[in-house]
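Okay, here's what each chain looks like letter by letter:
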Amino acid sequence: MKLFQRVLGAAIREGELTVIDAAGKPFHFGKPAEGRAPVVVRFTTDKALRRCMLSPAMGTGEAYMDGTLQMVEGDIHSLVDLVTWNGRFERYDPKTAMDRRLHLKSDLFGWWRAYNQERRSKRNVAHHYDLSASLYDLFLDRDRQYSCAYFADPGNSLDQAQADKKAHIAAKLMLAPGQRVLDIGCGWGGLALYLHEKTGADVLGITLSEEQLKIARERAAAAGVADRVKFELIDYRQLDGRFDRIVSVGMFEHVGPGHFRSYLAKCRSLLTDDGVMLLHTIGRMGRRKSTDPWTVKYIFPGGYIPTLSEISEAAEATRMITSDVEVLRMHYGLTLEHWLRRTQAHRAEIEALYDARFYRMWEFYLASSMTGFFNGQMVNFQIQYVRNRRALPITRDYMGEAEAKLRG
């Protein structure tokens, strides 16, 4: 308990945290902060508290899932936000960094867990994306966009922000009727259908999720465009052909650093000589780091968040010319806030679909992800690539003009 008090005493400076141990004894940390309500948690076992100390991500996540970490005042987001706000990225000091204070050991197996061969990739995708479609309907927007939205105004609705995201991406692709588009990691087909509807392009969406494939095909058939918007269950490594445009949204996080070069090399081989690619991915600021073990075990097996330098090195090695880079700093945090509050509003339905432990797992996943974008290292990158430097106009004006028309 002395170590516990020393660590949290140094970590929590802004805001109040009270921890009640298994014997009912309270420990107080921090001080009042404007706009931040006090947070009170209770541990029902000494083991759970020790595990949180020794392995913060895994210990806290599992304790909350199991009910041995209980929220007395505030929700799980309040707790994670309080802790991460006090160690937020902007305040980094190598002498007092959280991982030094907690004496964390390096994750020796973290890189191996992100090595995604073809067979492992399909299994990893099924773990997350083949969950019940009813679950995703409860917290996503109407078009079921499961990636960072684009908030032209932070007060916009989730549906508006996701529609604006699709327009933002389409504008960067500079599409024309009849062009062939490849959508790698097409999800439930919303973006592919949008690109065809708005631009007249022919789209092939590929996925490794059988659940997503089924729904995407049903949507294309219902819209009467199944001959123009097609979906296939195939790994990108097995695909042949040439495409005028390639778009990849929320898929690069599943590639793994050992495959970055081969992924971009494959994309280059699939592009026509004057083709354009738009890569939309979660990214990491700061140093390279493997994904925390709780997220890999329960949410995204094989997941890995790249730094901009890692992506750039792979692009340079494969002669993919970087023609534009945009960093969306706050947009995914705002997106996740919508997802989290919708999830909390539908707690009963989610527990009926699965159980209370699953609900708490999902809530912890969204809450910790949200704070990663508001307080931690996470951002979102949109990187545009070409094979030929003359493939696009030499200024960005065309993007704004096209986006205005699409959103209008």
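Residues numbered from 1 in each chain as written. Predicted model: local features only at pLDDT ≥ 70, side-chain atom pairs only at ≥ 80, totals over all residues. Heavy atoms only, no water.

Here we take up the overall build of the chain. A tally of regular secondary structure across the chain gives 18 helices and 11 strands. Relative to its length of 408 residues, the chain is compact, with a C-alpha radius of gyration of 22 Å against a globular reference of 22 Å. Counting only C-alpha atoms and orienting by the principal axes, one finds that the chain spans roughly 70 × 45 × 40 Å. Across the 408 residues that make up the chain, the buried fraction comes to 53%. For the chain, long-range pairs separated by at least 24 residues make up 73% of all intrachain contacts whose partners lie at least 6 apart in sequence. A total of about 18,700 Å² of accessible surface is found on the chain, and carbon and sulfur atoms cover 52% of it. On the chain, the mean spot of the 57 positive side-chain charges and the mean spot of the 50 negative ones are 6 Å from each other. (Helix = DSSP H or I, 4+ residues; strand = E, 2+ residues; numbered from the N terminus. Rg over C-alpha atoms; globule rule 2.2 N^0.38 Å. Buried < 20%, exposed > 50% of the residue type's maximum accessible area, 1.4 Å probe, protein only. Contact = heavy atoms within 4.5 Å. Areas by Shrake-Rupley, 256 points an atom, 1.4 Å probe, with all protein chains shown as cover. Lys, Arg positive; Asp, Glu negative; His and termini not counted. Charge placed at Lys NZ, Arg CZ, Asp CG, Glu CD.)

Most of helix 3 (residues 56-66) sits out of view: 8 of its 11 residues are buried. Residues Met58, Gly59, Thr60, Gly61, Glu62, Ala63, Tyr64 and Met65 constitute the buried set of helix 3. Phi turns positive one or two residues past the end of helix 3, at Gly67, with a value near 85 degrees.

Tracing the backbone through its elements, the reader meets Asn86 in helix 4 (residues 76-86). Overall, the relative accessible area of 9% leaves Asn86 in the buried class. A distance of 2.8 Å separates a polar side-chain atom of Asn86 from the backbone nitrogen of Arg13. (Polar contact = N/O pair within 3.5 Å; in protein donor to acceptor, adjacent residues only side chain to side chain.)

By way of backbone hydrogen bonds, the strands of a sheet pair with one another, either parallel or antiparallel. If you walk across this open sheet you meet the 7 strands as 7-6-5-8-9-11-10, and the pairing is mixed. Sheet topology places strand 7 (229-233) and strand 10 (321-328) at the edges, where each strand pairs with a single neighbour. Strand after strand, the sheet turns through a mean of 15 degrees between neighbouring axes, direction not considered. Alignment of strand 6 (residues 202-207) against strand 7, held across 5 bridges, turns out to be parallel. Bridge pairing in strand 7 places Leu204 opposite Lys230. Of the strands in this sheet, strand 6 and strand 7 touch helix 11 (residues 210-222), which is tilted by about 165 degrees from strand 7. Docked against the sheet, helix 14 (residues 308-317) engages strand 9 (271-284), strand 10 and strand 11 (378-386), running at close to 15 degrees with respect to strand 11. (Pairing = 2+ DSSP bridges. Axes fitted to C-alpha atoms, helices over the stretch in contact; angles between N-to-C directions.)

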